[in-house]
Amino acid sequence: MSLERLEIEGTFNFRDLGGARTQSGDNAVRLGKVFRARLTDRSRADMRELGIGAVVDMRDIGERSKLPDTLDGLEVAHIELPVFEDHFFPSRPMSVEEMRAAAEATGMDLSDRSLERIYDLMITHFGHRLAAVVDTVADHCGTGVVFHCSAGKDRTGVVGAFLLDLLGVGREAIIDEYAITSTHLSGGFLDSITKNFADAGISGNLAATATAAPPELMHEVLDRIETDYGAASANGIGVGGAGKGSDTGRIAANRAGAGGIGTGGAVEAYLLTHGMDPSTPQRLRECLLEPAAEA
């Protein structure tokens, strides 16, 4: 799997999600179909050359309004799918009092913007949005799709990890793909977003928040999902707690696809429970897997 970033003008972490082998070694993720990124208004020419047909913007309204995707002249589907449902970065920064009121109303304390807390909230409260993004990637992978957030590492990193898991890629390769972001996001990237992050209300250690992609954090996310949903996967439980005897249960347990492709594991059970289209794992595998070249 190539961990190199693509040289797209104005970007720092634009990467092809393809290239990784599945755990069986028989298949590999097809290149040139799904990309993860942070976009800028200078990315258009390169996106046209890559043949990208859809852009999935996972940012909140407060982020999009300050740095909107500039896609003029490109024939692409532009899909706004804010993972945090505009709670983290609303149209204007919230005061401490407003954050306190929001926490009481939603059960989400947004005052802690540490990476650990951001990931915890994402997995606990926004699984349905992550599932929707995965569905959307499956809808558009045939024509080329890029998904992105502001830094292209946290929301983007979790979705990338989930996609690779659904495709049957092993844990270590998933972690490597996630963690290489810290290498790509340094220097010029941090300089370019300092003001934007401050405007969006991100406080604390900006360097850590903006550039860190610690492997142990993604391990914790995947371990948590395995703990909470591994049994459901083993028992074929998907949406609504369906068991092995139901259609959904069979999908959750047996979505390995033709020839044993895929995992049907805890990530799949998590996403099914949060509303993922049951056909999505197989659609992704049919679109994105190909026989691996001989080593």
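The residue numbering used here restarts from 1 in each chain and proceeds along that chain's sequence as written. The predicted origin of the model limits local features to residues at a pLDDT of at least 70 and limits the giving and counting of side-chain atom pairs to 80 or more, whereas totals for whole chains, interfaces and linings rest on all residues. Hydrogens and water molecules were not included; the side-chain quantities draw on all heavy atoms of the structure.

1. Details of the pairing of strand S5 (residues 77-80)
Quick reminder of the rule: Two strands pair under a simple rule: DSSP has to find at least two bridges between them. Every helix listed is a DSSP run of H or I at least four residues long, and every strand listed is a run of E at least two residues long, numbered separately from the N terminus. Crossovers are marked right-handed if the path from the first strand over the helix to the second runs clockwise, as seen with the strands pointing away from the viewer.
Examined bridge by bridge, strand S4 (residues 54-57) and S5 share four bridges and lie parallel to one another. Bridge assignment links Ala54 to a residue of S5, and that residue is Ala77. Between S4 and its parallel partner S5, the chain crosses via helix H2 (residues 61-66), and the hand of that crossover is right-handed.

2. Brief notes about the environment of Leu115
For Leu115, the position within the fold is in helix H4 (residues 115-125). Sequence separation between Leu115 and Pro214 is 99 residues, and the spatial gap between their C-alpha atoms is 9.5 Å.

3. With respect to the pattern of salt bridges
Quick note on the threshold: Should a side-chain nitrogen of Lys or Arg be within 4 Å of a carboxyl oxygen of Asp or Glu, the pair is scored as a salt bridge.
Enumeration over the complete set of coordinates arrives at 15 salt bridges. Residue Arg283 is joined to Asp139 by a salt bridge in which the shortest nitrogen-to-oxygen separation is 2.8 Å. Linking Arg283 in helix H14 (residues 280-288) with Asp139 in helix H5 (residues 127-140), this pair joins segments that are 144 residues apart in sequence. One salt-bridge network, in which partners are shared between bridges, spans Arg117, Asp120, Arg224 and Asp228.

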